[in-house]
Amino acid sequence: MTSPVWTARVLTLFPEMFPGPLGHSLAGKALEAGIWALETVDIRYFASDKHRSVDDAAFGGGPGLVMRPDVIDAALAAVMGAAGPDRRSADAGPPIYLTPRGRPLTQERVRALAAEPRITLLCGRYEGVDERVLEAWQAEEISVGDYVLSGGEPAAIVLLDACVRLLPGVVGDAKTLAEESFEGWLLEYPHYTRPQEWRGRPVPEVLASGNHQKIRAWRRAQAEATTRQRRPDLWARYRAQQAVMEG
Ligand code: SAM
């Protein structure tokens, strides 16, 4: 019996936006190879009135429309099953609603999501989704950054791309993943390739020295300097981790 592949279910008003960029390069090849599966669900299919409306004016006034809880609920129930009062079946994690109000997505969270058998993503449009349906499904709210997109679809693509490249067999050399930015709270060191001198700029000498110990030390020093300068938040976590390791 073959084990089920990692599956992403995406609830959207624009299913035609998928796989989009995920149909190309690493993610696209992995999709074709059956390493992961993508199921899109058209939210509009679950609209029950004759106009197939999925949104309505906001209570309390204000500009913009809000996605209706009954329509989102029906769509979630169709894909996730609706076992109990909290509207979640026992074997499925909560749906993930992509929203600028969510917790920022991190590599740590990406790793955990890539280790789940399947994830369900809800893409908002307009002003977003009625709060009650998010509460009822205990949705996890995730943001891909402190800026506002016009819809959750590009955010879902970002999240899926980050997860898929961690699935076994997607990236050829698994060592690539171990040395990347955010592993151990450091940003990655800089990279160089041929030509060895370009527009009067030589590649740092140590990298061509063949001395692997020195190269490792140089790379770590670069990673530390960049992290310290650009990301004081990561730098603080790195230092804390170092302190624990040094006992
Ligand atoms: N009124 C919302 C606010 O101010 O928080 C923004 C709504 S936005 C125009 C429409 C949809 O895009 C959201 O429901 C969400 O699904 C998605 N979206 C926008 N920015 C996002 C972000 N930074 N991360 C994740 N999803 C985002």
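Structure report, in brief.

## Remarks on the sheet that holds strand E1 (residues 6-12)
Then, number 1: If you trace the five strands from one edge of the open sheet to the other, you get E2-E1-E6-E5-E7, paired in parallel fashion. Looking at which strands have only one partner, the edges of the open sheet turn out to be strand E2 (36-42) and strand E7 (140-143). Pairs of neighbouring strands in the sheet enclose a mean axial angle of 45°, with direction left out of account.
Then, number 2: Sheet topology note: the strand E5 (residues 96-104)/E7 ladder contains five bridges and is parallel. Looking across to E7, one finds that Tyr-97 is bridged to Glu-141.

## So, the pairing of E1
Then, number 1: Most of E1 sits out of view: seven of its seven residues are buried.
Then, number 2: Alternating positions in E1 separate into two faces, Trp-6, Ala-8, Val-10 and Thr-12 on one and Thr-7, Arg-9 and Leu-11 on the other, with burial throughout.
Then, number 3: Sheet topology note: the E1/E2 ladder contains seven bridges and is parallel. Residue pairing across strands places Leu-11 opposite Val-41, the latter belonging to E2.
Then, number 4: In the classification by handedness, the crossover that spans E1, the intervening helix H1 (residues 25-32) and the parallel E2 is right-handed.
Then, number 5: Two strands pair when backbone bridges link them, and E1 and strand E6 (residues 118-123) are joined in this way by five bridges, in the parallel orientation.

## Examining unusual backbone geometry
Then, number 1: Each neighbour pair has its own omega, and for Phe-18 with Pro-19 the value is 0°, a cis peptide bond.
Then, number 2: Following Arg-194, the chain continues into Pro-195 via a peptide bond in cis, with omega recorded as 0°.
Then, number 3: In this structure, Pro-195 sits in the loop between helix H6 (175-178) and strand E8 (197-198).
Then, number 4: Its identity is not glycine, yet Gln-138 carries a phi of approximately 50°, on the positive side.
Then, number 5: Along the chain, Gln-138 falls in the loop between helix H4 (131-136) and E7.
Then, number 6: The partly exposed category is assigned to Gln-138, whose relative accessible area is 40%.

Conventions and cut-offs
Residues numbered from 1 in each chain as written. Predicted model: local features only at pLDDT ≥ 70, side-chain atom pairs only at ≥ 80, totals over all residues. Heavy atoms only, no water. Pairing = 2+ DSSP bridges. Helix = DSSP H or I, 4+ residues; strand = E, 2+ residues; numbered from the N terminus. Axes fitted to C-alpha atoms, helices over the stretch in contact; angles between N-to-C directions. Buried < 20%, exposed > 50% of the residue type's maximum accessible area, 1.4 Å probe, protein only. Right-handed = clockwise from strand over helix to strand, strands pointing away.

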